[in-house]
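So the chains spell out like this:
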Amino acid sequence: MLKELIYTGLGATALLKDKVEDELKKLEEKGKIDKGDIKGFIESLEKKGKEQDEEFKEQLKKSIKEAISELGLVTKDDLEELKKELK
């Protein structure tokens, strides 16, 4: 389910990017915006998108760790620590 959610988000992002690029090209053809402005705008959108992607991933990791902790599940680190104690 988590993978599906992530893939849906990525698909929506790609679709949105294509739609924005199409609309900007139409504005350029009408002479309402120049090519340099388009490039800068798209680069700023990509940068912001990458930043938000990283923020989403970190928040997701945090949420998963909290859920694991609340459920009392054993983590890989817990098992490694137990192995060391048993030696």
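Everything below is about the structure printed above this text.
Please read all numbers here as calculations on a predicted model, not as lab measurements.

A. Main features of the overall build of the protein chain. The number of helices and strands found in the protein chain is 3 helices and 0 strands. In the protein chain, the succession of α and β elements from N to C terminus is α-α-α. As presented, the protein chain carries roughly 8,100 Å² of accessible surface, and 58% of it is formed by carbon and sulfur atoms.

B. Here's a closer look at a negative patch on the surface. On the surface, a cluster of negative charge is contributed by Glu-28, Glu-29, Asp-34 and Asp-37. When you line up the elements, Glu-28 lands in helix α1 (residues 2-29).

C. Quick peek at the pattern of salt bridges. In this structure the tally under the stated criterion is 4 salt bridges. Between Glu-58 and Lys-61 there is a salt bridge; the shortest N-O distance is 3.8 Å. With Glu-58 and Lys-61 both in helix α2 (residues 35-71), this residue pair falls 3 residues apart, about one helical turn. We note a salt bridge from Glu-80 to Lys-83, for which the minimum N-O separation is 3.8 Å. In this pair, Glu-80 and Lys-83 both sit in helix α3 (residues 76-86), 3 residues apart, roughly one turn of the helix. Owing to a relative accessible area of 36%, Glu-80 belongs among the partly exposed residues under this scheme. Since its relative accessible area comes to 49%, Lys-83 is described here as partly exposed.

D. View of α2. Compared with an ideal rise of 1.5 Å per residue, which puts 37 residues at 54 Å, α2 spans 53 Å between its outermost C-alpha atoms and is within 8% of the ideal. For α2, the N-terminal capping position is held by Asp-34, with its side-chain oxygen 2.9 Å away from the main-chain nitrogen of Gly-36. Where α2 terminates, the next one or two residues include Gly-72, which has phi positive at roughly 75 degrees.

What counts and how
Residues numbered from 1 in each chain as written. Predicted model: local features only at pLDDT ≥ 70, side-chain atom pairs only at ≥ 80, totals over all residues. Heavy atoms only, no water. Helix = DSSP H or I, 4+ residues; strand = E, 2+ residues; numbered from the N terminus. Areas by Shrake-Rupley, 256 points an atom, 1.4 Å probe, with all protein chains shown as cover. Patch = residues over 30% accessible without salt bridge, like charges linked within 9 Å, V, L, I, M, F, W, Y side chains within 5 Å. Salt bridge = Lys/Arg side-chain N within 4 Å of Asp/Glu carboxyl O. Lys, Arg positive; Asp, Glu negative; His and termini not counted. Charge placed at Lys NZ, Arg CZ, Asp CG, Glu CD. Buried < 20%, exposed > 50% of the residue type's maximum accessible area, 1.4 Å probe, protein only. Expected span 1.5 Å × (residues − 1). Polar contact = N/O pair within 3.5 Å; in protein donor to acceptor, adjacent residues only side chain to side chain.

Distances and angles like these do not, on their own, reveal function.
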